[in-house]
Amino acid sequence: MAEYDGLSPGQVLADASVAEFIKSLGLGIAEAQKALDENSVQQIAEFIEPREGLGGKTLLDLGLSPAFYHYQHADISCSLQLSLKVKKDFSLGLNINGSINDNSSNSSNSSESQSSSESGSSTRTSTRTANVAITSSSSGALVVGGENFQLSGSSPAERIRNLQNALTTNNATGIDRVLYQLEGSELTISTDANTSEVKTTPHTITFLGGGFDAGIIRVGQTTAIDYQLDDDPAPVTASTTAQGDLATQATHVRDQVQAVGYDAISVAPDAPVHTSHFETGRHEVPASEYPALRNLAQSMASMGFAVTIEGFADTQMYDASDRSRSDTLNVQLGNNRANEVKSILIANGAPAANITVTPSSGVQTARNAGDSDGTDNPNFRKAEVKTVGRSEYWVFVKARSGGPNLESVSPDKIGEGGSENGFIYLFKPTPLNLAGKKVTIDGTDFPFRGAAVAGHAENAPEAYAKNLADDINANAAAHLQGSATANVTTVSRDGDPYQLTLVTQSSRNIALSSTEGITVSEQFSRSSSSSMTQQNSGNRAVAFGASLDVRYSRQFEMNVTGNSSISARLVSIPAPPEFLETIKNFLNDGSDN
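All values reported here derive from a predicted model rather than from experimental measurement.

Undergrad: Would you take a moment to explain the overall build of the chain for this structure?
TA: Tallying secondary structure elements over the chain gives 12 helices and 26 strands in all. Taking all 593 residues of the chain together, the buried fraction comes to 37%. Just so you have it, the chain exposes about 30500 Å², and 49% of that area is on carbon and sulfur atoms.

Undergrad: What should I look at first to understand the side chain of K382 in this one?
TA: Here K382 is to be found in strand β16 (residues 382-387). Polar side-chain contacts of K382 include one of 2.7 Å to the side chain of E384. The contact partners of K382, leaving out residues within four places of it in the chain, are T275, S276, H277, F278, E310, G311, F312 and R337.

Undergrad: Honestly, the sheet that holds strand β19 (residues 438-441) in this entry has me stumped. Any pointers?
TA: The strands that make up a sheet pair up through hydrogen bonds in the backbone, lying either parallel or antiparallel. Pairing is antiparallel in the open sheet, where 3 strands are placed in the order β6-β19-β20. Of all strands in the sheet, those bounded by a partner on one side alone are β6 (189-191) and β20 (444-447). Between one strand axis and the next, the sheet turns through 20° on average, direction left out of account. Relative to β20, β19 is paired through 4 bridges, and the arrangement is antiparallel. Across the sheet, V439 pairs through a bridge with F446, a residue of β20.

Undergrad: Just checking my understanding: could you explain unusual backbone geometry for this structure?
TA: As a rule of thumb, non-glycine residues mostly have phi less than zero, and peptide bonds are mostly trans rather than cis. For the peptide bond that leads from D232 to P233, omega is 10°, which places it in the cis range. Mapping P233 onto the fold places it in the loop between β10 (226-230) and β11 (236-239). Positioned with a positive phi, N459 is a non-glycine residue whose angle comes to about 65°. Inspection of the secondary structure assignment puts N459 in the loop between β20 and α10 (461-474). For N459, a relative accessible area of 34% gives the class partly exposed.

Undergrad: Can you help me understand a nonpolar patch on the surface in this one?
TA: A grouping of L54, L62 and L64 is seen on the molecular surface, where their side chains present a nonpolar patch of about 240 Å² in accessible area. Positionally, L64 belongs in the loop between α3 (44-47) and β1 (68-102). Residue L64 is classed as partly exposed on the basis of its relative accessible area of 43%.

Undergrad: Even after reading the chapter, I still don't get the confidence of the model for the chain, so can you show me in this structure?
TA: Note: predicted coordinates in regions of low pLDDT should not be interpreted at a detailed level. In the predicted model, the chain carries a mean pLDDT of 85, and 81% of its residues have values of at least 70. Taken as a whole, residues 105-124 scores under 50 in pLDDT and shows 29 contacts with residues more than four places along the chain or in a different chain. Throughout residues 529-537 the model reports pLDDT below 50, and contacts reaching past four residues in sequence, or to other chains, amount to 11 contacts.

Undergrad: What's the story with the pattern of salt bridges in this structure? I'm lost.
TA: Using the criterion set out here, one finds 16 salt bridges in the structure. A salt bridge links D192 to K438; the shortest N-O distance between them is 3.5 Å. Residue D192 is found in the loop between β6 and β7 (198-200), and its partner K438 is found in strand β19; the two are separated by 246 residues along the sequence. The class for D192 is partly exposed, based on a relative accessible area of 36%. Here D470 ties to K466 by a salt bridge, and the two come within 3.3 Å at their closest N and O atoms. Here the residue D470 and the residue K466 both occupy positions in helix α10, the gap between them amounting to 4 residues, near one helical turn. On the basis of relative accessibility, which here comes to 25%, the residue D470 falls in the partly exposed class.

Undergrad: Help me out: how do you make sense of the nonpolar core in this one?
TA: A general tendency of soluble globular proteins is for nonpolar side chains to be buried together. M300, V341 and L345 are the most contacted members of the largest nonpolar core, which totals 30 residues. Broken down by secondary-structure element, the contributors of at least two residues to this core are β9 (214-219), α7 (290-303), β14 (307-311), α8 (323-347), β16, β17 (393-399) and β18 (422-427).

Undergrad: Which parts of the structure should I look at to understand α7?
TA: Side chains that are three or four residues apart share a direction in an α-helix, a result of its 3.6 residues per turn. For α7, with 14 residues, the first-to-last C-alpha span of 20 Å sits near the 20 Å given by 1.5 Å per residue. Those residues of α7 that fall on the buried side of the exposure criterion are Y290, L293, R294, N295, L296, A297, Q298, S299 and M300. Directly beyond the C-terminal end of α7, a positive phi value near 80° is found at G304.

Undergrad: Hey, could you run me through the packing of α7 against α8 in this one?
TA: Two quantities define a packed helix pair, namely the angle between the axes and the distance from one axis to the other. In contact at an axis separation of 8 Å, α7 and α8 are set at 60° when each is read in the N-to-C sense. One element, α7, and the other, α8, form an angle in the oblique class. Judged by the twist between their axes, the crossing of α7 over α8 is right-handed. Taking contact as the criterion, the partners of Y290, L293, L296, A297 and M300 in α7 are, on α8, V341, I344 and L345. Tallied by class, the residues present in the contact of α7 with α8 amount to 8 nonpolar, no polar and no charged.

Undergrad: Any chance you could explain the pairing of strand β21 (residues 480-485) here in plain terms?
TA: Burial within β21 is extensive, with 5 of its 6 residues counted as buried. Alignment of β21 against strand β22 (residues 488-493), held across 6 bridges, turns out to be antiparallel. Within β22, the position partnered with G482 by the bridge is V491. The antiparallel pairing of β21 with β22 creates a hairpin that spans 2 residues between the two strands, and A486 there sits at a positive phi of about 55°.

Conventions we followed
Residues numbered from 1 in each chain as written. Predicted model: local features only at pLDDT ≥ 70, side-chain atom pairs only at ≥ 80, totals over all residues. Heavy atoms only, no water. Helix = DSSP H or I, 4+ residues; strand = E, 2+ residues; numbered from the N terminus. Buried < 20%, exposed > 50% of the residue type's maximum accessible area, 1.4 Å probe, protein only. Areas by Shrake-Rupley, 256 points an atom, 1.4 Å probe, with all protein chains shown as cover. Polar contact = N/O pair within 3.5 Å; in protein donor to acceptor, adjacent residues only side chain to side chain. Contact = heavy atoms within 4.5 Å. Pairing = 2+ DSSP bridges. Axes fitted to C-alpha atoms, helices over the stretch in contact; angles between N-to-C directions. Patch = residues over 30% accessible without salt bridge, like charges linked within 9 Å, V, L, I, M, F, W, Y side chains within 5 Å. Salt bridge = Lys/Arg side-chain N within 4 Å of Asp/Glu carboxyl O. pLDDT = per-residue confidence, 0-100. Core = buried A, V, L, I, M, F, W, Y, C linked by side-chain atoms within 4.5 Å. Expected span 1.5 Å × (residues − 1). Parallel < 35°, antiparallel > 145°, perpendicular 65-115°, else oblique. Left-handed = near helix turned anticlockwise from the far one by under 90°. Nonpolar A, V, L, I, M, F, W, Y, C, P; charged D, E, K, R; others polar.

As structure tokens, then:
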């Protein structure tokens, strides 16, 4: 029916064949005429059959003949009613609904569910920090999660480091790292000892004796030179030849110096002149590195060159789930490392004005080198010291224990500028002889003592530093505290605080409290737990729904009704004479035979 869509009624009627309908009626009359004729012909057999009652004559002999019928005329009438109904329907429905179901309760535990539980049920942790101040004289305790950590040690620095170790190695605390910095007061410190033996700053007393001969050779030209390093008991000479470039020349000089019994390293103009390395998460410089820093500080004081210091960190993270926060804390760690090196250089005589601390990039250098997050790489747990404005190579030379000294060196370029090759610095340690000498700190005298102590030899710089720290701590009336590391004694007042930053990744609530001399200035922030999220989602439901219903339909309906009539006049006519004559002739011919 779809082919009638869009047609007018007249076009549909024209398409319906009325002529065919009338034709069918006419054929019906013709078929009726044929049937009448066939019936008349079939009756002939009865008319030609001889009958005994008629003396053997036939009906035909008696003049009877079958009747023939003929439609003289026919009237055909036809009426046709046609109806076509086409219905189209298009509907569009839009349904939007929403519901809010809030069954929140006012129970006490639900209103306080912003804190994590002691079971640590949270599935996500974030780095949190707390701040603690500990006075230099304190021997109290820090209470972490109900557990006491008593300060122990003979000096403030030792007590802080012992606390750092105790907190970070005890898994029950949940504390991963501890950063600290002494905020020491400036003190009035003076000494009657020779400044070549004892250096003082407002915070430190440093003993400079001991060690081995050391020097610096400048390599600014590619020339062949014989370097004399010692003349007693026999001359010691390192002979060099001209090389193609400065880098190769400096390496050649280093190798020749090593070959005659000295330790030597070659340093390019943009390379560090010293690198200190650190333990994971720590920023205290190992005591083993103090002699090298002492020599560097003395060369800075003698030559007047400036340096920059930058601290770094490897990619070990404070918190694997919070990279940004971890990076920030590693930057702080890098800066602490640089500042520790700076303090040691100043304590050993380096001019403070010639030292610039470059803001730390934290883990970025390690990442740029290809280390992925979490890599334990000691090569990046460091602080680097670089010279400023240097264009020549330097070869650092140090005498070995039991080997030749550095004496009557040449070429001697000490105090000379330019780029000519030769020695530009020489360090000659002298045994300390501080008998009868003292240091005065804020008006209190402390005589120097060189007695052997804590494994340090008598009159060694380390022995003087340790004895002085012990004497300061034993004098309660002075209200001072002393800490010794290697050849340096650091002094603070009783109330000067060490500022500690405690770092944790744990989601547990870690409560801090303290006893005398320790102040918790900032507790660990409280973290959100996953259980609170589950409770909220279960009690509050918000639902929105939308539906779009598009319907299109077409309906076709065709009705054809009509009636027809035929009026015909049927007349009987005698059989044609020719027909009867033929029948008779046929019958006669048969009787003759």
